Amino acid sequence: MANTEQSKKRARQSEARYAVNKARRSRIRTFLRKVEEAIASGNAEAAQAALKAAQPELARGVTKGVLHKNTVARKMSRLASRVKAVAKA
């Protein structure tokens, strides 16, 4: 348990950051789910639009420190290739 004033403040700040980061992660997952659903439905246009909407959200997750940049690069790459495969099919 926090005892000093500084440690109490850090605990409050930590809780606030946790809430912000949790909301941001949830938002990113929602965008990813929309891409996944569009791919599963086989609708190439919807999948492309969903991917285009998800990419800036993923990038924002990197700049805000919620996700690692290589993780996001990997996710974007894999999603893009899957969307491309749907478009060809």
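Parameters at a glance
Residues numbered from 1 in each chain as written. Predicted model: local features only at pLDDT ≥ 70, side-chain atom pairs only at ≥ 80, totals over all residues. Heavy atoms only, no water. Core = buried A, V, L, I, M, F, W, Y, C linked by side-chain atoms within 4.5 Å. Buried < 20%, exposed > 50% of the residue type's maximum accessible area, 1.4 Å probe, protein only. Helix = DSSP H or I, 4+ residues; strand = E, 2+ residues; numbered from the N terminus. Contact = heavy atoms within 4.5 Å. Axes fitted to C-alpha atoms, helices over the stretch in contact; angles between N-to-C directions. Parallel < 35°, antiparallel > 145°, perpendicular 65-115°, else oblique. Left-handed = near helix turned anticlockwise from the far one by under 90°. Nonpolar A, V, L, I, M, F, W, Y, C, P; charged D, E, K, R; others polar.

*Asks:* How should I be thinking about the nonpolar core in this particular structure?
*Replies:* One broad trend across soluble globular proteins is that nonpolar side chains are buried collectively. Within the largest apolar cluster, 15 residues are counted, with the highest numbers of intra-cluster contacts made by Leu32, Val35, Ile39, Ala47, Leu58, Leu79 and Val83. Elements represented by at least two residues in this core include exactly helix H1 (5-41), helix H2 (44-63) and helix H3 (69-88). It is H1 that contributes the most residues to this core, 6 residues altogether. The residues contacting Val35, other than those within four sequence positions of it, are Ala50, Leu51, Ala54, Leu79 and Val83.

*Asks:* What should I look at first to understand the packing of H1 against H2 in this one?
*Replies:* Two numbers describe a pair of packed helices, the interaxial angle and the distance between the axes. With their axes 9 Å apart at the nearest point, H1 and H2 run at an angle of 160 degrees to one another. The orientation of H1 with respect to H2, classified from their angle, is roughly antiparallel. Handedness of the crossing formed by H1 with H2: left-handed. Contact residues: H1 offers Arg27, Ile28, Phe31, Leu32, Lys34, Val35, Ala38 and Ile39, while H2 offers Ala46, Ala47, Ala50, Leu51, Ala53, Ala54, Glu57, Leu58 and Gly61. Looking at the contact of H1 with H2 residue by residue, the classes come out as 13 nonpolar, 1 polar and 3 charged.

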